[in-house]
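Below, each chain spelled out in residue letters.
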Amino acid sequence: QVQLVESGGVLVQAGGSLRLSCAASGATFNIDTMGWNQQAPGKQRELIATISRGGSTNYAGSVKGRFTSSRDNAKNTVYLQMDSLKPEDTAVYYCNARTANGRAYWGQGTQVTVSS
C-alpha cells in the first residue's frame, strides 16, 4: 500500500506562483511514475503532469511552460511548481502514483484558487 498526502494549495492572485508537494509513504519502493491531476469545478479530472522515477517529465498543453514537476526520491516527495497562474488553473490538484505492477494510488487533493 502507498499513501499520498498533498499540500500547498492556497488562494493566490493571477500571475503568481505556488508549489504543491505530494509526500508518499508506505511501499514507496514500488512506485514508478507519479503524476499531478487537475479537477476544475464541474469538469473531469485531467492528468497534467507525470514524472518517472528517473525524472523524465511530460505535461499537458494547458500547463506546459508554466508548471514544472520535480521529484526527490530520497524524501519520497514530488513537487509541482506552478508559475504564471491563471484563474482557469483554479482546481483541486490530486497526486497519483503508479507502481511497477500497475497499481494506482491517489491522494486526497489540495485546493488551488487563483483570483483575477
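Located above this text is the structure these notes cover.
Here is a short report on the structure shown in this document.

## So, the nonpolar core
Generally speaking, soluble globular proteins have nonpolar side chains that are buried together.
Next up, step 1: Ranked by size, the top nonpolar core spans 29 residues in total, and within it Leu4, Met34, Trp36, Ile48, Leu80 and Tyr93 carry the most contacts.
Next up, step 2: Among the elements of the structure, strand S1 (2-7), strand S3 (18-26), strand S4 (31-39), strand S5 (46-51), strand S8 (77-82), strand S9 (91-99) and strand S11 (110-115) are those that each provide at least two residues to this core.
Next up, step 3: If we ignore the near neighbours within four places in the chain, the residues touching Ile48 are Trp36, Asn37, Gln38, Asn58, Tyr59, Ala60, Val63, Phe67, Leu80 and Tyr93.

## Quick notes on the side chain of Thr90
Next up, step 1: Secondary-structure assignment places Thr90 in the loop between S8 and S9.
Next up, step 2: Residue Thr90 is classed as buried on the basis of its relative accessible area of 17%.
Next up, step 3: In terms of polar contacts, Thr90 uses its side chain to reach the backbone carbonyl oxygen of Pro87, at 2.9 Å.
Next up, step 4: Ignoring sequence-local partners within four residues, the contact set of Thr90 consists of Ala40, Pro41, Gln111, Val112, Thr113 and Val114.

Calculation criteria
Residues numbered from 1 in each chain as written. Predicted model: local features only at pLDDT ≥ 70, side-chain atom pairs only at ≥ 80, totals over all residues. Heavy atoms only, no water. Core = buried A, V, L, I, M, F, W, Y, C linked by side-chain atoms within 4.5 Å. Buried < 20%, exposed > 50% of the residue type's maximum accessible area, 1.4 Å probe, protein only. Helix = DSSP H or I, 4+ residues; strand = E, 2+ residues; numbered from the N terminus. Contact = heavy atoms within 4.5 Å. Polar contact = N/O pair within 3.5 Å; in protein donor to acceptor, adjacent residues only side chain to side chain.

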